[in-house]
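Single-letter residue listing:
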Amino acid sequence: MAEEKFDAIIVGAGPAGVSAAIVLAKAGINAVVLERGEYPGAKNVQGGILYTKMLDEIIPEFWKGTDPAPLERYITEQKIMLLSKDSAIHIGYKSDKWKGEPHNCYSIVRVHFDRWYAKKAESLGAQIYTGVTVRSLIKQNGKICGVKTSEGDELLADVVIACDGVNSILAQSAGLIDEWRPEEVALAVKETLELEKEKIEERFCLDGNEGTTFEMFGKITEGMLGYGFLYTNKETLSLGVGCKVSHFQKTGITPYDLLENMKQHPILKPLIRGTKTVEYSGHLIPEGGYNSMPPLYADGFLVAGDAAQMVNPSHREGSNLAMTAGKLAAETVVEAKNKGDFSSRALSSYQKKLRQSFIMPDLFDHKDLEEEIESRPELLTDLPEIVSQAAYEYFNVDGRSKREVQSAILKRVFRHRAVRNLIKSELTFKNVMGLFKGAVKGAFKFKSLAKGN
Amino acid sequence: MASVEEKLGTLNFKNDHQSHIAIPDPKICLTQCKDKPCTKVCPAKVYDWVESQKKIVIGYENCIECGAARMICPFNNIKWEPPRGGFGVSYKYG
Ligand SMILES: Cc1cc2nc3c(=O)[nH]c(=O)nc-3n(C[C@H](O)[C@H](O)[C@H](O)COP(=O)(O)OP(=O)(O)OC[C@H]3O[C@@H](n4cnc5c(N)ncnc54)[C@H](O)[C@@H]3O)c2cc1C
Ligand code: SF4
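Let me begin by describing the structure that accompanies this report. Remember, predicted model here, so these are calculated numbers, not experimental data.

## Quick look at the site of ligand 1
Residues and elements named next belong to chain A. The full set close to ligand 1 counts 37 residues, and Glu35, Ile49, Arg110, Asp306 and Ser319 are the nearest of them. Pro15 places a main-chain nitrogen or oxygen 3.2 Å from an oxygen atom of ligand 1. Separating an oxygen atom of ligand 1 from a backbone N or O atom of Gly318 is a distance of 3.0 Å. The set of elements that each furnish at least two residues to the shell around ligand 1 consists of α1 (15-26), β2 (31-35), β15 (276-286) and α8 (319-339). Partitioned by chemical class, the residues of the shell around ligand 1 number 16 nonpolar, 13 polar and eight charged.

## Topic: helix α10 (residues 349-356) of chain A
Residues and elements named next belong to chain A. If you check which residues of α10 are buried, you get Ser349, Tyr350, Lys353 and Leu354. All buried residues of α10 project into a common sector of 150° when viewed along the axis, lining one side. Along α10, the residues that are exposed and aim more than 90 degrees away from the buried face are Lys352, Arg355 and Gln356.

## Quick word on the environment of A:Pro295
Residues and elements named next belong to chain A. Counting through the fold element by element, Pro295 comes out in the loop between β15 and β16 (297-298). Residues Pro295 and Leu176, spaced 119 residues apart in sequence, show a C-alpha to C-alpha distance of 6.1 Å. Residues contacting Pro295, with those up to four places away along its chain left out, are Leu176 and Val303.

## Considering the nonpolar core
One finds A:Ile9, A:Leu24, A:Phe62, A:Tyr117, A:Phe301, A:Met310 and A:Tyr350 to be the most contacted residues of the largest nonpolar core, which totals 79 residues. Those residues in contact with A:Phe62 that lie beyond four places of it in its chain are A:Leu50, A:Thr52, A:Leu55, A:Asp56, A:Pro68, A:Ala69, A:Leu71, A:Tyr106 and A:Trp116.

## Topic: the pairing of strand β6 (residues 105-108) of chain A
Residue and element names in this part refer to chain A. In β6, alternate side chains face the same way, and those of Cys105 and Ser107 on one face and Tyr106 and Ile108 on the other are all buried. Note: strand β3 (residues 49-51) against β6, three bridges, orientation antiparallel. Bridge pairing in β6 links Leu50 to Tyr106. Where strand β4 (residues 71-83) lies against β6, three bridges are found, and the strand directions are antiparallel. Within the sheet, the bridge partner assigned to Leu71 lies in β6 and is Ile108.

## Focus: the packing of α1(A) against helix α3 (residues 110-123) of chain A
All names here are of chain A. Relative orientation of the contacting elements α1 and α3 amounts to 15°, with a least axis distance of 9 Å. When the axes of α1 and α3 are compared, the pair comes out roughly parallel. Regarding α1 and α3, the two cross each other, and that crossing is left-handed. Of the residues in α3, those in contact with Pro15, Val18, Ser19 and Ile22 of α1 are Arg110, Tyr117, Ala118 and Ala121.

## A word on the interface of chain A and chain B
Listed by partner, the interface residues are 54 residues for chain A and 38 residues for chain B. For the pair chain A and chain B, the summed buried surface comes to about 3800 Å²; carbon and sulfur atoms form 54% of the total. In this assembly, chain A and chain B are joined by eight salt bridges. The shortest N-O distance in the salt bridge between A:Glu151 and B:Arg84 comes to 3.2 Å. Summed over the shared surface of chain A and chain B, the result is 29 residue pairs in polar contact (both at pLDDT 80 or more). Within the residue set of the side of chain A that touches chain B, elements represented by two or more residues are α3, α4 (169-173), β11 (185-194), α6 (245-251), α7 (255-263) and β15 of chain A. Ranked by residue count, the leading element in the side of chain A that touches chain B is β15(A), at eight residues.

## Overview of the site of ligand 2
Residues and elements named next belong to chain B. Every residue near ligand 2 is listed here: Ile23, Cys29, Cys33, Lys36, Pro37, Cys38, Ile56, Cys73, Pro74, Phe75 and Ile78. Judged by the fraction of its atoms near the pocket grid, ligand 2 is located in the largest cavity. For the shell around ligand 2, a count of residues per class yields ten nonpolar, no polar and one charged.

## Structural notes on a negative patch on the surface
Residue and element names in this part refer to chain A. Taken together, Glu194, Glu198, Glu202 and Glu235 make up a surface patch of like negative charges. Tracing the chain through its elements places Glu235 in the loop between β13 (226-232) and β14 (236-244). Residue Glu235 is classed as partly exposed on the basis of its relative accessible area of 47%.

Rules behind the numbers
Residues numbered from 1 in each chain as written. Chains lettered and ligands numbered in written order. Predicted model: local features only at pLDDT ≥ 70, side-chain atom pairs only at ≥ 80, totals over all residues. Heavy atoms only, no water. Near = heavy atom within 4 Å. Polar contact = N/O pair within 3.5 Å; in protein donor to acceptor, adjacent residues only side chain to side chain. Helix = DSSP H or I, 4+ residues; strand = E, 2+ residues; numbered from the N terminus. Nonpolar A, V, L, I, M, F, W, Y, C, P; charged D, E, K, R; others polar. Buried < 20%, exposed > 50% of the residue type's maximum accessible area, 1.4 Å probe, protein only. Arc of directions from axis to C-beta. Contact = heavy atoms within 4.5 Å. Core = buried A, V, L, I, M, F, W, Y, C linked by side-chain atoms within 4.5 Å. Pairing = 2+ DSSP bridges. Axes fitted to C-alpha atoms, helices over the stretch in contact; angles between N-to-C directions. Parallel < 35°, antiparallel > 145°, perpendicular 65-115°, else oblique. Left-handed = near helix turned anticlockwise from the far one by under 90°. Buried area = accessible area lost by both parts, 1.4 Å probe. Salt bridge = Lys/Arg side-chain N within 4 Å of Asp/Glu carboxyl O. 1 Å grid on protein atoms, 1.4 Å probe; cavity = no way out; pocket = protein on both sides within 12 Å on 5 of 7 lines; lining within 4 Å. Sits in = over half its atoms within 2 Å of the grid points. Patch = residues over 30% accessible without salt bridge, like charges linked within 9 Å, V, L, I, M, F, W, Y side chains within 5 Å. Areas by Shrake-Rupley, 256 points an atom, 1.4 Å probe, with all protein chains shown as cover. Lys, Arg positive; Asp, Glu negative; His and termini not counted. Charge placed at Lys NZ, Arg CZ, Asp CG, Glu CD.

Bear in mind that shape data such as this cannot, by itself, settle questions of function.
Put into structure tokens, the structure is as follows:
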């Protein structure tokens, strides 16, 4: 492979890289994907929920035909559980609307999916080399013009697209980022649990290939910022938990003990009863979002997906952002090739495309969420227990009148130190002014809308 | 309760003869680092403080390549890079 020259080199055969490769192959651009795993997916971990819309835009109707994607179950129900040490409050949504095609989303086994997606790309003309670790970028007069592998091979190209995931060596090598800070990433551990198909369907009340998802907050993260998840696959369950690396550092809680304790939680235990662990895995999730994004382009260089912190953790979306970003990066390369200009100015239209897509608006709108939660640690430590105790009293019949019970609940909730702190921190001058401003703005908007009618 | 060793037993590794992880200055671990967060945060228990040797022993063969090692050492004393092409962990499910 020494000293070959391509139009484009894509590093990483995850959702971002393969999506880019497909778009370039369809446009007849001479591109190559370099993947360090023995096969595509070998290094990759996902919960994993795959959203239909973004993949459909790359591989239309990928769920059917002669070579459909290896999908596990289509999701018709999504649940959120707030766990205290011995109880759970459920909020959920199940709908027949999600039964029809195209389904909103599917559970997937990430390795199976990645292998299929890479094969699909190859069948459309993409070239993918596996077992190749890229160590650094090659630069000439400040312009990036190729990559160097761990075996010392050099490959040249007009443009390099970094789709190398959260541990992006390329964005570092390009000088776009230093190391992520422990506050900018979460560490997740997961187990794949085997269980007969019929048992899964019975246990989770699923009709045929329907699937369900649980995101779990509260006690299971021991006061760290993060959450657990449980997803149904065809013949396995995906169970995992992820928290900020900085919080693991601070608390000294080990990730595998956290997962093991979660499995022992009295509410979760029956859901995973009789399962066999067929795989343990661990991976980072970039959660710095908009505030942590590196510059997305340079001379001869583009960054897409996890490598650029494109994850929306509050909606567990990442792979879909990676696919769309990979596609937009490739479209930018096609334009650049037509113009014969791979300078950072020519490639800057990538950023514009991202802004016009859902990616930048979503990342921007969620940019301060984690920080806000972190500034109110009570939300993670005391609140699950308080809410759970209130629910217990509300549903428990103990001979007191309802009036008595309700006033006792309210009194206890509002006297709790954590709730008082929370209210105090919300009742700042700035927040009150903000509320007031919002109300005035809203009133004006309402008035002008009414006039328009 | 399944131990981390049992969990790691579910995985396939193809090990390189050379480590992809290094601790450039073991003295820092001994003299400056009280909490030794690497021994706790790593999900594969790759970093183990061995009292008799007074140093961190690196079990790079168990590394599941999450990459957390790149940011968990407060003294920036862990040098972690992805294993050479084709080596390391290979997930079956992921
Ligand atoms: C536990 C967990 C649960 C998640 N759940 C969901 C979910 O339910 N839904 C969702 O949409 N997203 C989820 N995500 C996020 C999602 O997995 C990522 O956002 C997505 O995989 C990003 O895709 P990517 O292509 O940017 O990076 P990756 O998928 O990480 O792909 C990067 C690729 O580059 C390769 N690579 C890296 N470095 C090099 C190198 N130097 N040389 C050669 N190759 C290299 C890697 O081996 C890998 O194949 C989850 C993540 C985790 C960890
Ligand atoms: S955290 Fe860093 S300094 Fe501390 S023991 Fe581990 S490698 Fe050494």
